[in-house]
Amino acid sequence: MKCIEDEIPFEVPEGWEWVRLGTISNIVTGRLDANTQTTDGDYPFFTCGEDVFKTDSYAFDCDAILLGGNNATGDFKMHRYSGKFNAYQRVYVISTCLEIDMDYLYNHIHYYLPTLQSLSIGSQTRYLKLGMVTDLLIALPPLNEQKKISLLSNRYLQYCELISIEKYDLSNLIKITKSKILDLAIRGKLVPQDPNDEPASVLLERIRAEKEELIKQGKIKRDKKESIIFRGADNSYYEKIGGEVSCIDNEIPFDIPENWTWCRLSHISEIIMGSSPNSTDICDDEQYTEFHQGKIYFSDRTISCSGQYTKSITKIASPNSVLLCVRAPVGEVNITDRNICIGRGLASLKPYKEISEIFLFYWLQALKGRLVEKATGTTFIAVTTDVVKDLIIPLPPYNSQISIIKAIEEVISQLSQLEKSLN
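Cut-offs used in this document
- Each chain has its residues counted from 1, following the order in which its sequence is written.
- Confidence filtering applies because this is a predicted model: local features only for residues at pLDDT of at least 70, side-chain atom pairs given and counted only at 80 or more, and all residues used for totals across whole chains, interfaces and linings.
- Hydrogens and water are ignored here; the side-chain numbers use all heavy atoms of the structure.
- Centres within 6.5 Å make a pair out of two Phe, Tyr or Trp rings, where for Trp the six-membered ring is used; the pair is then stacked when the planes are under 30 degrees apart, edge-to-face when over 60, and tilted otherwise.
- The secondary structure listing takes helices from DSSP runs of H or I that are at least 4 residues long and strands from runs of E that are at least 2 residues long, numbered from the N terminus.
- Residue exposure (1.4 Å probe, protein chains only): buried if accessible area is under 20% of the type maximum, exposed if over 50%, otherwise partly exposed.
- Each pair of strands is called paired provided DSSP finds at least two bridges between the two strands.
- Each patch groups residues whose relative accessible area exceeds 30% and which form no salt bridge, using 9 Å between like charges and 5 Å between nonpolar side chains of Val, Leu, Ile, Met, Phe, Trp and Tyr.
- Only the protein chains shown count as cover for residues, and all accessible areas are computed by the Shrake-Rupley method using a 1.4 Å probe.
- Here, a salt bridge means any side-chain nitrogen of Lys or Arg that lies within 4 Å of a carboxyl oxygen of Asp or Glu.
- A fitted line through C-alpha atoms serves as each axis, taken over the contacting stretch for helices, and the angle formed by two N-to-C directions is quoted from 0 to 180°.
- Roughly parallel covers angles under 35 degrees, roughly antiparallel covers those over 145, roughly perpendicular covers 65 to 115, and oblique covers all other angles.
- Working rule for handedness: look at the near helix, and if it is turned counterclockwise from the far one by less than a right angle, call the crossing left-handed; if clockwise, right-handed.
- Note on contacts: a residue pair qualifies if any of its non-hydrogen atoms lie within 4.5 Å across the two residues.
- In this classification, Asp, Glu, Lys and Arg are treated as charged, Ala, Val, Leu, Ile, Met, Phe, Trp, Tyr, Cys and Pro as nonpolar, and every other residue, Gly included, as polar.

Trainee: For the packing of aromatic side chains, give the residues involved together with the corresponding values.
Mentor: Counting across every chain of the model gives twelve aromatic pairs. With a centroid separation of 6.3 Å and an interplanar angle of 35°, the aromatic rings of tryptophan 260 and tryptophan 363 are classed as tilted. Here tryptophan 363 lies in helix α8 (residues 357–366) and tryptophan 260 lies in the loop between β13 (244–247) and β14 (261–264), a separation of 103 residues in the sequence. A relative accessible area of 6% places tryptophan 260 in the buried class. The exposure class assigned to tryptophan 363 is buried, which follows from its relative accessible area of 0%. Aromatic pair phenylalanine 359 and tryptophan 363: ring centres 4.4 Å apart, planes at 40°, arrangement tilted. Of this pair, phenylalanine 359 and tryptophan 363 both sit in helix α8, four residues apart, which is roughly one turn of that helix.

Here you go:
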């Protein structure tokens, strides 16, 4: 006889008893191994995971609890089944007598799943020894109480399942709503448009003048594909590059307000494609320049610190630049509030004056699908420099940019608060 006081997790009411699972149930392992060929037979074949196959024979004919006891993560599964079935040899088949309510026992074992998972052993695959299951302590009330507890437990579990489903549905609805808000924004339908606003074409002219000055100062190079997009008398859209003019109606995805204009992404931002330094130059010494390869440290908006630094600087993304993932996953965006070195997985988009980085941040989220459509690759998809530069953007007047950003952030803030309440 030994004292097991340290194993008793809590006090039980008068008339209840602590018992080992093995003393109130019959526990055996399944009969079939992992290589058993399954068919479209008449009997279910239970594995350690979620899948249930069919076999043409059965080894069990009873009301049983099935506990999957062998997988890579130790995230064991439970099933309840009554009738003829077969089971994988690492599934424990638990049956009991009439004095034990099976629903009560199932819920009790389910409650202890985390304990069983912590006890599991194995390196490549996690599994339970039979003794770990048979030695499980069960708080056992009289049969009538077992039935009452089962009735209430099942009722509340149904409520929990319903809440979980509705929570999942609401979470998806929030994501869809955020996407729809951005879609309305880029179409000029989120806020009322002021016809008295200065046309966006005038804003583009000022940006061209700004770029000319930067070219003269040697800070940027002249874009050989610099173009002007305009609407002709026939209501078609045309693009003039040098002396050549071509119709680009096939690139225009939707209508925009009268005082908006279409332009290429390269016309409103300086685009720098990342380039990775040598791996030998990557370190954790903060005296060097912070390095980012992809989106691993992206947050809701401003990129977090990577804790990685580089001794050799390749391409720099300056503060208030939008960071764009250009290889899997294509189209994810963030903003940097500091100088960082960017690798091949990122591009930096530094907006010119009168173009807000917040505006560009939201616009690129809304246009992510168009980038993904143009991505190529087999092992992983990526977009080229030309794809990024040539992305066509609906540009509103400056005042509209400000009002649209405000409207977006008011709605997204409310949706984010609702999303947090689901967690």
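Trainee: An account of the sheet that holds strand β18 (residues 309–310) is needed here, citing residue identities and associated values.
Mentor: In space, the five strands of this open sheet follow the order β16-β18-β17-β22-β19, with mixed pairing throughout. Edge strands, defined here as strands with exactly one partner in the open sheet, are β16 (282–283) and β19 (315–317). Judged from the two bridges that link them, strand β17 (residues 289–292) and β18 form a sheet pairing that is antiparallel. From the neighbouring strand, threonine 289 faces β18, where its bridge partner is threonine 310.

Trainee: How would you explain a nonpolar patch on the surface if you had to name every residue and give the values?
Mentor: Among the surface-exposed residues, Leu152, Tyr156 and Tyr159 lie close enough to one another that they form a single nonpolar patch of about 330 Å² accessible area. Relative to the assigned elements, tyrosine 156 resides in helix α5 (residues 143–186).

Trainee: Residues and numbers for the packing of α8 against helix α11 (residues 398–422), please.
Mentor: Axis angle and axis distance: for two packed helices, these are the angle between their axes and the distance between the axes, and together they describe the pair. Running from N to C, α8 and α11 point in directions that differ by 60°, and their axes come no closer than 10 Å. Considered as vectors, α8 and α11 are oriented oblique to each other. Here α8 runs over α11; the crossing is left-handed. Residues Ile358, Phe359, Tyr362 and Trp363 of α8 pack against Gln401, Ile404, Ile405, Ile408, Glu409 and Ile412 of α11. Split into classes, the residues belonging to the contact of α8 with α11 amount to eight nonpolar, one polar and one charged.

Trainee: Any details on the sheet that holds strand β3 (residues 43–46)? Residues and values, ideally.
Mentor: One open sheet holds the six strands; their spatial order is β2-β8-β5-β7-β3-β4, and the pairing between them is mixed. Single-partner strands in this sheet number two, and they are β2 (25–29) and β4 (52–55). The average undirected angle you get between the axes of adjacent strands in this sheet is 40°. Along the sheet, helix α2 (residues 102–111) makes contact with β5 (60–68), β7 (78–87) and β8 (91–96), crossing β7 at roughly 125°.

Trainee: Please provide a residue-by-residue account of unusual backbone geometry, values included.
Mentor: The omega torsion across alanine 328 and proline 329 is 0°, close enough to zero to call that bond cis. Positionally, proline 329 belongs in the loop between β20 (321–325) and β21 (333–336). Phi at asparagine 235 takes a positive value of approximately 70°, unusual for a residue other than glycine. Although it is not a glycine, glutamate 354 adopts a positive phi angle of roughly 70°. Residue placement: glutamate 354 occurs in the loop between β23 (346–351) and α8. By relative accessible area, glutamate 354 is classed as partly exposed at 31%.

Trainee: Pulling in residues and values, what's your account of the side chain of serine 266?
Mentor: One can find serine 266 in helix α7 (residues 265–268). Residue class for serine 266 comes out buried when judged on its relative accessible area of 10%. With residues near it in sequence (within four places) discarded, serine 266 still touches Lys211, Asp223, Ile271, Tyr352 and Lys389.

Trainee: So what's going on with the environment of valine 93? Which residues, and what values?
Mentor: Positionally, valine 93 belongs in strand β8. Given a relative accessible area of 2%, valine 93 falls into the buried group. Linking valine 93 and asparagine 144, residues 51 residues apart in sequence, is a C-alpha distance of 25 Å. With residues near it in sequence (within four places) discarded, valine 93 still touches Asn26, Ile27, Val28, Phe60, Ala64, Ile65, Leu66, Phe85 and Ala87.

Trainee: Go over the pattern of salt bridges with me, naming the residues and quoting the values.
Mentor: Oppositely charged side chains may form a pair once their charged atoms are brought near each other. If you walk through the whole model with that rule in mind, you get 16 salt bridges. Between arginine 208 and glutamate 205 there is a salt bridge; the shortest N-O distance is 2.9 Å. Here glutamate 205 and arginine 208 lie together in helix α6 (residues 200–216), a separation of three residues that amounts to about one turn. On the basis of relative accessibility, which here comes to 18%, the residue arginine 208 falls in the buried class. Of the charged contacts in the structure, one is a salt bridge between arginine 264 and glutamate 251, with a shortest N-O distance of 2.7 Å. Of this pair, arginine 264 sits in strand β14 while glutamate 251 sits in the loop between β13 and β14; the two residues are 13 residues apart in sequence, bridging distant segments of the chain.

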